[in-house]
Each structure stands twice: as C-alpha cells, then as structure tokens.
2 protein chains.
Amino acid sequence: MNRIITISREFGSGGRTIGKLTAERLGIPCYDQELLEKIAEESGLAKEFVAERGEYTLRGGWLANAFSDRSMNGLSMQDYLWTIQRRTILDLAEQQSCIIIGRCADYILDGKADLLKVFIHADIETRAKRIVEKYGEGVEAPEKRLRDKDLRRSSYYRLYTDVEWGIAKNYDLCLDSGTIGFDRCVDIIASLY
Amino acid sequence: MNRIITISREFGSGGRTIGKLTAERLGIPCYDQELLEKIAEESGLAKEFVAERGEYTLRGGWLANAFSDRSMNGLSMQDYLWTIQRRTILDLAEQQSCIIIGRCADYILDGKADLLKVFIHADIETRAKRIVEKYGEGVEAPEKRLRDKDLRRSSYYRLYTDVEWGIAKNYDLCLDSGTIGFDRCVDIIASLY
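Residues numbered from 1 in each chain as written. Chains lettered and ligands numbered in written order. Predicted model: local features only at pLDDT ≥ 70, side-chain atom pairs only at ≥ 80, totals over all residues. Heavy atoms only, no water.

> Give me the lowdown on the nonpolar core, citing residues and values where you can.
In terms of nonpolar packing, the biggest core is built from 62 residues, with I4(A), I100(A), L109(A), I4(B), I100(B) and L109(B) touching the most fellow members. Aside from chain neighbours lying at most four places away, what touches L109(A) is I4(A), T6(A), I89(A), L90(A), A93(A), I100(A) and L115(A). (Core = buried A, V, L, I, M, F, W, Y, C linked by side-chain atoms within 4.5 Å. Buried < 20%, exposed > 50% of the residue type's maximum accessible area, 1.4 Å probe, protein only. Contact = heavy atoms within 4.5 Å.)

The structure is reproduced here in structure tokens:
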C-alpha cells in the first residue's frame, strides 16, 4: 500500500505551497496542477471547469446549485466530473507514494491507502494579506473573497462526502500556518511521513 | 508575557497524559489535578463538583440544564464555578509559563498570554479501549460513555464561550493521538514551544 499525504486547506492558507515544499523534502511527487490536467484529459472537460467545479459549488447557495446544471433525472456536469476525479485520484494512489492537494482526496482514499490526512488553515487576516500578495486586489474585499471560497469549498465537500470540512476529528494533523509558519509545518508533516 | 500551552482533548484520547509528558520534557508545570484543587479551594466547592461541572453540562440535554440549578434571575452554581475557574486560570497564566489541561483555558487566555492551543483527539475505538484499560468496564458500553462525555463537554464549551469545540480553525495544532502516537505528539508540541 502506498503512503499518501492528503492536504486539505483553506484558501490563502498556503497549504499548496506547504505540500510542494514537503514533497521536495521527501522526494515524492505533489499532485495539484498535474492532477487537474490529468482530470481534464480523462474527462474531456476544460481545465478551468475542473479547477472550479471540482472543488467548489456555485455561488448563490443551495438554489443556484440545485437548478444549475443538474437535470431532474441525471448527472450534472459537476457530478460527472466528481466520478472522473475520484477515479483519477484512486489510480494515482495505486501507482505511487505522493502528496495530493485538495479535491476531497482524504475522503476518497480513506481505507484505500496508507494515509496521512492534513488540514492547513490560518486566520482570515493572514490569508487576506497572502491572497492580495499572490493574486492581487480584486473587485471585492479579500475577506469577502475568502469567506465566499471557504463556504463554496465546504459546501462542495459536504455535497459529495456528507462529512464536515475542517473538523479536527477528520484529520491526523491540523496546522495553523499563520502561527506555526510554513517551515515548521513542513518539518512536522515530513517527520510524520 | 508567559508562554502557555493549552490542551483541549476528547475524553479517552490521552490528552492529559500527553500534556504531562510534554511538561516533563520542557521542565514546566502541567496544571490539571492541581488546578482543580486550586479552584475547589478558591470557590469553596467540592472537588467532585469542580471536576464534573467545570467541564461538563448535566446529562439530559438542554432542558435538564436549563432548570437544574439556575435560578430565574441569578447565577447557577455552575455559573459561579465558571467565574472562579476563569479567574484562577488567568492568575496562573500571569504567574508562569505552563501547560493547562482543558477547562476552556484556550478561550479564557486568548489574547492574554502567548498561547499554543492544542487539540488532541482519537477515533472512538482507540478511546474506548483506553478508557476500559484505565477506568475499567462501566454499566454502559464504553462507546456510549464516550459519546455522552463528548456531547456534554462540547455543550459546556459552547455554553460559556459561544465557540464550537473541536473545529480545526480554533487551534494552532490538532493531533490524532491514535494514528500519530503519544511520543510523536509530545515531540511535535515540544518542538513548537
């Protein structure tokens, strides 16, 4: 059984960066952009659609999501994407030890790989500063963008897993990257691998 | 400002033991039983009452708690205990660097000390095995005892802090003592001190 680290993260917490640094330290691959490309190829869907609809529900809450692209009797494009995404993550985990960022990999691989499930978070001020540095100013205040992203990501997680996102019990390790710092986070995750 | 480690923990997760081992490693005091004794002395209440009603709501849910010992216009004994407990924890944190187990110390000291907020949890099978080893068999199945303790502890936390217990965001570090092991937990906490 391969040893897999899954990293779930709040938007702007640096979970992706911590994942990449940990992978370099351990000499194993980190799947994030490459995973997205694999899923796009397998599904025939655009990368932008996979990036957005493979981790987030639509803006506008329950109603917008219920009537968006789900037909009354069939799969929505988002449901179809979920099935391909799930299959791609299971295949990856069978092939090698690696780090997988986001995309409900912790839930998908539970019981199917030797997992270390990590959740990275930080307070909203730290994350707001980081997203402005990284992605620039937007039309909306960074705090509002973060709250929107958090809500849509946790809704997506809930929709496909029926498990609450960000509850300590669901992870082996949860770290506040703001108070602990990226380097220490990498040290701790690598030490537990 | 003293450096304080607060350890919140699920019943049976070994959070208390991990706290004591970390304190020995760091050469600082760990307040658990001694804190309880201080609070009992300050309040004039029995140690058994402090042990139980300083961390748990009553069995029987909302109704049992609403009409138990709270007068319509005044403080209940549990409310009075809360005020003494809060004051005792604030005093302790002013005097020295230390580890404090449970009793909402993470919430009480937030912004008032240089805090490392830790939450220790484990899956229910691991905890059930542990409480049977430690406290023996009870009339009720260990899983039922754990669910009851978890519920009453989180209700207490919610009642006095208005914050949800066990949400990753509220801690610097959350650890699954079952998958990570006590020694590694101690290593990680001590390394962040």
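> So what's going on with the packing of aromatic side chains? Residues and values would help.
If you walk through the whole model with that rule in mind, you get twelve aromatic pairs over all chains. Seen from their ring centres, W82(B) and Y160(B) are 4.9 Å apart, and the 15° between their planes marks the pair as stacked. Note that W82(B) is positioned in helix α5 (residues 77-95) and Y160(B) in helix α8 (residues 142-161), a separation of 78 residues in sequence. Residue classification places W82(B) among the buried residues on the basis of a relative accessible area of 10%. Residue Y160(B) is classed as buried on the basis of its relative accessible area of 14%. An aromatic cluster is present here, built from W82(A), Y156(A) and Y160(A) joined pairwise through their rings. (Phe/Tyr/Trp six-rings, centres within 6.5 Å; stacked < 30°, edge-to-face > 60°. Helix = DSSP H or I, 4+ residues; strand = E, 2+ residues; numbered from the N terminus.)

> Please give an account of the interface of chain A and chain B that cites residues and values.
Taken together, the contact pairs 21 residues of chain A with 21 residues of chain B. Buried area between chain A and chain B, summed over both chains or domains, comes out near 1,600 Å², and the portion from carbon and sulfur atoms is 52%. Ranking the residues of chain A by area buried against chain B places A168(A), K169(A) and D172(A) at the top, with a combined share of 30%. Taken together, the connections running from chain A to chain B amount to 15 residue pairs in polar contact (both at pLDDT 80 or more). For the side of chain A that touches chain B, the elements supplying multiple residues, two or more each, are β4 (114-121), β5 (173-176), α9 (177-180) and α10 (182-192) of chain A. Within the side of chain A that touches chain B, the residues separate by chemical class into eleven nonpolar, four polar and six charged. Note that β5(A) and strand β5 (residues 173-176) of chain B share three bridges and pair antiparallel. In the strand pairing of β5(B), L175(A) is matched with L173(B). (Buried area = accessible area lost by both parts, 1.4 Å probe. Polar contact = N/O pair within 3.5 Å; in protein donor to acceptor, adjacent residues only side chain to side chain. Nonpolar A, V, L, I, M, F, W, Y, C, P; charged D, E, K, R; others polar. Pairing = 2+ DSSP bridges.)

> How would you summarise the relation of the copies chain A and chain B if you had to cite specific residues and measurements?
Least-squares fitting of chain A to chain B yields an RMSD of 0.0 Å, with the transformation described by 0.0 Å of translation along the axis and a rotation of 180°. Viewed as a symmetry operation, the transformation between the two copies matches a two-fold axis. Counting the interface residues of chain A, we find that 100% of their copies in chain B are interface residues as well, pointing to one common contact surface. (Least-squares fit on C-alpha atoms with pLDDT ≥ 70 in both.)

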